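Close look at the chain arrangement
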Amino acid sequence: MADEYKGILIYIERRRDGAITPVGAELLGKGRELADKLGGELAAAIFGPGAGDAAAELFPMGADKVYVVDHDMLKEFRPRPYAKALAQLAQEVGPAVLLAGATTQGRDLAGAAATYLKTGLTADCVGLEIDDAGVLKQTRVSCGGRVMSEWVTAEARPQFATVRPKIMKPLERDAGRTGETVAFNVNLTADDDVGEVVSFLEATETVNLGEADIIVSGGRGLGNPEGFGVIKELAECLGAAVGASRAAVDAGWIEYASQVGQTGRTVSPKLYIACGISGAVQHLAGMGTADVIIAINKDEEAPIFKIATYGIVGDLYEVVPVLIEEIKNRRS
Amino acid sequence: MHAVVCIQQVPDTQELQVDFNAGAIKRGGVPLVVNPFDEFAIEEAVRLKEKHGGNVTAVTLGPPSADEALRTALAMGCDGAVHLLDEAFDGGDTWATAVALAKAVEKVGEYDVLFFGKATVDGDTGQVAPRVAALLELPMLNFVAKIDEIDFDAKAVKVERLLETGREVVRAPLPAAISVVKEINEPRYPSLLGIRKAKKVDVPTWDAAALGLDAESVGSAGSLCKMERLYQPPARAGGEIVPGEPADAAKAVAEKLIDQGII
Ligand SMILES: Cc1cc2nc3c(=O)[nH]c(=O)nc-3n(C[C@H](O)[C@H](O)[C@H](O)COP(=O)(O)OP(=O)(O)OC[C@H]3O[C@@H](n4cnc5c(N)ncnc54)[C@H](O)[C@@H]3O)c2cc1C
Ligand SMILES: Nc1ncnc2c1ncn2[C@@H]1O[C@H](COP(=O)(O)O)[C@@H](O)[C@H]1O
């Protein structure tokens, strides 16, 4: 077991098909900056079948070293064996900082792993910084976006945080970068073999809300379920994902998986287009960190206009088709 | 069947007030409610009871006012409740809270399912459930949108978990910890009769000593994370209404998006 905690360790999440999810590159980008400030190496941990092959992709993203962890019980993500494995690896490697994405998998994993490690965990961070004393300052947003707070992990180590996807910037890919790959043997027992993934029902939506650069959302202002037709058309034209307010979900116009906000998903796209959404605090809680927000609403008093980068006062059924046409024209 | 539901009382987000000078969220004067996700957890537990028989116990860790949250849970159909009440519990991070909740759940006795909400709407960490499950060595089924099958004799459950890219169907042995998302059900409103009955229920309060924990291992003293600063988010630049007729404004916005390289 490590007696001194040094460097940074990043948990790399993979999709069901084994591909690395984008938050991995984002964390390596941030991790590189933290490691350069703190001293020590930037290591990545990648789990499951074929992890060894995927490891090579992580050096161009900034990693100095990659720990490859494979085992019969790690064939697919399950919280118990994955968290046990991550805790064992972190105990062996002894990183000062341990990071995972604040995705469903990351949250599932980190809560358990932090408990096995008996360390703190700051959830869904939007800022990370090493101060002059070498301590990790962890910034998070709470209370529906109205409060920011800065946290430190007092004495326990590693300093463990999950990080909101799309907030940190990946490095420019450097194909010339190489590093060391290390196989790590985990020690899992029959007790850890808990939970059986029976099947997976792929969502019909093609673009994942959490990873989307652009999201087009519809609210009660659509007036009817068919209204999502024009939302989807705009989304398609932009390669965007489709989101919704709770009012639209509760009306049964679109499935809950699309709901953005406090009781739905938290997203941080580059561009968020809110159509017929008033901008209730619970909705803003889920999208207030978008880089650019466009609001289309026929009520000029709608609160969404206070936070929108650009607001268009008008009937969405008039505005959205013009947007689509104009974008298509200008692009061709 | 015995289900235990962990619920937290939270300030109503609409009414929330933050005193940035005092570095704290004001609780006094702000309406307090059961954490919205926890209402789904209560509802699911009560539905299991109605279908399979048995009983449901609600547990909360919180200040004296949290008693109201337990009364709501009782009025919705929970049979018993426990209030973890001790000044020593104040200011706990997810670790310290989970340590106390895990002890309390053990003390409540045998159970088949331990329910949680996906996250609290004020803290929004979603960590208490996986931490409690890890401490109790329970299978953790997070983000559950549906219980497909549950068999209390065979001690097995099959659920659908709502993930970013779809739904994962998972089978696990009971007892298990389950955190629920909004899709799982529609919580009932407590009936008048339920409210009247709930008032009469004797709710035991357990302090740290009752859980066999010393004051240093719970609350802020037992926390592994410390908050150093609470502040107001920087105001969003924005609020620009693009002038003109809607169609002209739309054209102007499309132009801005393309010129600025946003799309
Ligand atoms: C505990 C709790 C949790 C919640 N969680 C969430 C959450 O996760 N996500 C969420 O979104 N909400 C959530 N809500 C609900 C939230 O408070 C609002 O009720 C909801 O966001 C309103 O949705 P909306 O903006 O679509 O509808 P409305 O508020 O009804 O707004 C519709 C808007 O459309 C405009 N409009 C109407 N017709 C047109 C048209 N033809 N063209 C252009 N504009 C038009 C109207 O002017 C209006 O501003 C939550 C509430 C509570 C209490
Ligand atoms: N103080 C508490 N008392 C009882 N249950 C809690 C408490 N805090 C959190 N929980 C449970 O843990 C879930 C997740 O909370 P959190 O990790 O704080 O977002 C909540 O939905 C509750 O089910």
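Scroll up a little and you will see the structure.
Here's a quick rundown of the structure. Given the structure is predicted, the values throughout are model-derived calculations rather than measurements. (Residues numbered from 1 in each chain as written. Chains lettered and ligands numbered in written order. Predicted model: local features only at pLDDT ≥ 70, side-chain atom pairs only at ≥ 80, totals over all residues. Heavy atoms only, no water.)

1. A look at the overall build of chain A
Tallying secondary structure elements over chain A gives nine helices and 15 strands in all. Taken over C-alpha atoms, the radius of gyration comes to 21 Å for chain A, in line with the 20 Å a tight globule of 332 residues would show. Considered along the principal axes of its C-alpha atoms, chain A spans approximately 65 × 45 × 40 Å. Here chain A holds 332 residues, and 63% of them are scored as buried. Restricting to contacts in chain A with at least 6 residues of sequence separation, those with at least 24 account for 64%. (Helix = DSSP H or I, 4+ residues; strand = E, 2+ residues; numbered from the N terminus. Rg over C-alpha atoms; globule rule 2.2 N^0.38 Å. Buried < 20%, exposed > 50% of the residue type's maximum accessible area, 1.4 Å probe, protein only. Contact = heavy atoms within 4.5 Å.)

2. Here we look at the sheet that holds strand β2 (residues 42-47) of chain A
Taken in spatial order, the 10 strands line up as β9(A)-β3(A)-β2(A)-β1(A)-β4(A)-β8(A)-β5(A)-β6(A)-β7(A)-β14(B) in an open sheet, and their pairing is mixed. The open sheet terminates on both sides in strands that have one partner only, identified here as β9 (180-184) of chain A together with β14 (225-231) of chain B. Each neighbouring strand pair of the sheet contributes to a mean axis angle of 30°, computed without reference to strand direction. In terms of strand pairing, strand β7 (residues 147-153) of chain A meets β14 of chain B through six bridges, oriented antiparallel. Paired with Met-148 of chain A across the strands is Tyr-231 of chain B, a residue of β14 of chain B. (Pairing = 2+ DSSP bridges. Axes fitted to C-alpha atoms, helices over the stretch in contact; angles between N-to-C directions.)

3. Some details on the sheet that holds strand β1 (residues 2-6) of chain B
Sheet architecture is open: 10 strands sit in the order β10(A)-β11(B)-β10(B)-β9(B)-β12(B)-β8(B)-β1(B)-β6(B)-β7(B)-β13(B), paired in mixed fashion. In this open sheet, the two edge strands, each paired with only one partner strand, are β10 (196-202) of chain A together with β13 (205-206) of chain B. Relative to strand β7 (residues 80-84) of chain B, strand β6 (residues 55-61) of chain B is paired through five bridges, and the arrangement is parallel. Looking at the pairing, Thr-57 of chain B lines up with Gly-80 of chain B of β7 of chain B.

4. Things to note about the interface of chain A and chain B
Every contact between the two is made by 89 residues of chain A and, on the other side, 75 residues of chain B. Around 7300 Å² of area is buried between chain A and chain B when both sides are counted, 59% of it from carbon and sulfur atoms. Scanning the region where chain A abuts chain B turns up eight salt bridges. Between Glu-137 of chain B and Lys-84 of chain A there is a salt bridge; the shortest N-O distance is 4.0 Å. Where chain A packs against chain B, one counts 32 residue pairs in polar contact (both at pLDDT 80 or more). Counted by class, the side of chain A that touches chain B contains 41 nonpolar, 26 polar and 22 charged residues. In terms of strand pairing, strand β15 (residues 310-313) of chain A meets strand β15 (residues 240-241) of chain B through two bridges, oriented parallel. Residue pairing in the sheet places Gly-311 of chain A in a bridge with Ile-241 of chain B of β15 of chain B. (Buried area = accessible area lost by both parts, 1.4 Å probe. Salt bridge = Lys/Arg side-chain N within 4 Å of Asp/Glu carboxyl O. Polar contact = N/O pair within 3.5 Å; in protein donor to acceptor, adjacent residues only side chain to side chain. Nonpolar A, V, L, I, M, F, W, Y, C, P; charged D, E, K, R; others polar.)

5. Considering the site of ligand 1
Near ligand 1, the surroundings consist of 25 residues, among which Arg-220, Ser-245, Thr-263, Ser-278 and Gln-282 of chain A are the closest. One finds residues of chains A and B in close proximity to ligand 1. Asn-297 of chain A places a side-chain nitrogen or oxygen 2.7 Å from an oxygen atom of ligand 1. Side-chain polar atom of Asp-315 of chain A to a nitrogen atom of ligand 1: 3.0 Å apart, as the coordinates give it. Protein coverage of the free-state accessible area of ligand 1, which is 980 Å², stands at 79%. The class makeup of the residues in the shell around ligand 1 is six nonpolar, 14 polar and five charged. (Near = heavy atom within 4 Å. Areas by Shrake-Rupley, 256 points an atom, 1.4 Å probe, with all protein chains shown as cover.)

6. Considerations on the pattern of salt bridges
Evaluation of the coordinates by the stated rule reveals 37 salt bridges over all chains. The shortest N-O distance in the salt bridge between Glu-211 of chain A and Arg-15 of chain A comes to 3.1 Å. With Glu-211 of chain A in the loop between β10 and β11 (214-218) and Arg-15 of chain A in the loop between β1 (8-12) and α1 (22-38), the pair connects residues that are 196 residues apart, well separated along the chain. The exposure class assigned to Arg-15 of chain A is partly exposed, which follows from its relative accessible area of 31%. The shortest N-O distance in the salt bridge between Glu-50 of chain B and Arg-188 of chain B comes to 2.8 Å. Taken together, the residues span a long stretch of sequence, with Glu-50 of chain B in helix α1 (residues 36-52) and Arg-188 of chain B in the loop between β12 (176-180) and α5 (192-200) at a distance of 138 residues. Salt bridges here are not isolated pairs; linked through shared partners, they connect Arg-32, Asp-36, Asp-64 and Arg-177 of chain A.

7. Considerations on the packing of aromatic side chains
For the coordinates displayed, the defined rule picks out four aromatic pairs over all chains. Aromatic side chains Tyr-11 of chain A and Phe-47 of chain A sit 5.4 Å apart centroid to centroid with 85° between the ring planes, which places their arrangement in the edge-to-face category. Placement of Tyr-11 of chain A in strand β1 and of Phe-47 of chain A in strand β2 is noted, with a sequence separation of 36 residues between them. The same class applies to Tyr-11 of chain A as to Phe-47 of chain A, namely buried. Between Phe-37 of chain B and Phe-40 of chain B the ring centres are 6.4 Å apart and the planes differ by 50°, which places this aromatic pair in the tilted class. In this pair, Phe-37 of chain B and Phe-40 of chain B are both assigned in helix α1, three residues apart and thus about one turn of the helix distant. With respect to class, Phe-37 of chain B is no different from Phe-40 of chain B; both count as buried. Pairwise contacts between aromatic rings join Tyr-11, Phe-47, Phe-77 and Tyr-82 of chain A into one cluster. Over the ring of Tyr-231 of chain B we find Arg-229 of chain B; its NZ or CZ atom is 4.1 Å from the centre of that ring. (Phe/Tyr/Trp six-rings, centres within 6.5 Å; stacked < 30°, edge-to-face > 60°. Lys NZ or Arg CZ within 6 Å of the ring centre and 35° of its normal.)

8. A look at the site of ligand 2
Residue and element names in this part refer to chain B. Taken together, 18 residues sit near ligand 2, with Cys-6, Asp-38, Thr-125, Gly-126 and Gln-127 positioned nearest. One nitrogen or oxygen atom from the side chain of Gln-8 is found 3.3 Å from a nitrogen atom belonging to ligand 2. Within the side chain of Thr-125, a nitrogen or oxygen atom sits 2.7 Å from an oxygen atom of ligand 2. If you tally residues by element for the shell around ligand 2, the top one is β6, at three residues. Of the residues in the shell around ligand 2, the class split is eight nonpolar, nine polar and one charged.

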